[in-house]
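Report on the structure
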Amino acid sequence: MKNTLNINFDNIAISFSVLCALHCLFLPIILIFFPAISATFFGSEDFHKSLLYFVIPSSILALYVGCNMHGKYNVYFYGAIGISLLLIAVLFGHDYFGENGETFLTLLGAGIISYGHFKNQQLCADCCN
């Protein structure tokens, strides 16, 4: 039961990270065809910032539960690096790195977080089945 719960937490955290990456990748393309979206919440930077309110807690919770189950605390490293990159991208990315740099940091951060959750799932499955 606890293993299934943790895998679900990891899946939720991965989903939020992927949503963040997809928003970053496809919003410019969507705005070409539907420019009115830029006037909505989904077309603003606030949407990207709001996603962090879901990515960060879900990632911390999933990694915490998983690491307590399998005892391999180095998985926290992936979460910390990924979350740091997402925070840098959202807070400073556009001003210091430009739009391409912000996109790159977001994709890299989301990828690292997703990889960390994938490893967390594997370690939980290996130790607790």
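Residues numbered from 1 in each chain as written. Predicted model: local features only at pLDDT ≥ 70, side-chain atom pairs only at ≥ 80, totals over all residues. Heavy atoms only, no water.

1. Section: the nonpolar core
Under the convention used in this document: Residues grouped as a nonpolar core are buried Ala, Val, Leu, Ile, Met, Phe, Trp, Tyr and Cys residues, joined through side-chain atoms within 4.5 Å. To sort residues, take the accessible area from a 1.4 Å probe on protein chains only and compare it with the maximum for the residue type: under 20% means buried, over 50% means exposed, and anything in between is partly exposed. Helical segments are the DSSP runs of H or I of at least four residues, strand segments are the runs of E of at least two, and each set is numbered from the N terminus. We call two residues contacting when some pair of their heavy atoms lies within 4.5 Å.
Counting residues in hydrophobic clusters, the biggest one holds nine residues: Cys20, Phe47, Leu51, Leu52, Val55, Ile83, Leu86, Val90 and Ile113. Those elements that provide at least two residues to this core are α2 (45-70) and α3 (75-128). Ignoring anything within four residues of it in the chain, the contact list for Leu51 reads Leu19 and Cys20.

2. Concerning the environment of Phe9
Here Phe9 shows up in helix α1 (residues 2-33). Other than its neighbours up to four places away in sequence, Phe9 contacts Leu61, Ala62 and Val65.

3. What to know about the environment of Leu108
Note that Leu108 resides in helix α3. Judged by relative accessible area, Leu108 falls into the partly exposed class, the value being 34%. Residues Leu108 and Asn8 lie 100 residues apart in sequence; the distance between their C-alpha atoms is 23 Å.

4. Brief notes about the side chain of His23
Under the convention used in this document: Here a polar contact is recorded for every N or O atom pair within 3.5 Å, except that within protein the pair must consist of a potential hydrogen donor and a potential acceptor, and residues adjacent in sequence are included only if both atoms are side-chain atoms.
With respect to the helices and strands, the residue His23 is situated in helix α1. At a separation of 2.9 Å, a polar atom in the side chain of His23 contacts the main-chain carbonyl oxygen of Phe42. Ignoring anything within four residues of it in the chain, the contact list for His23 reads Pro28, Phe42, Ser44, Phe47 and His48.

5. Quick look at the confidence of the model for the protein chain
Operational definition: pLDDT: the predictor's confidence for each residue, scored from 0 to 100.
For the protein chain, the average pLDDT comes to 86, and 93% of its residues sit at 70 or higher. Within the protein chain, the lowest mean pLDDT, 82, falls on α1, and the highest, 90, falls on α3.

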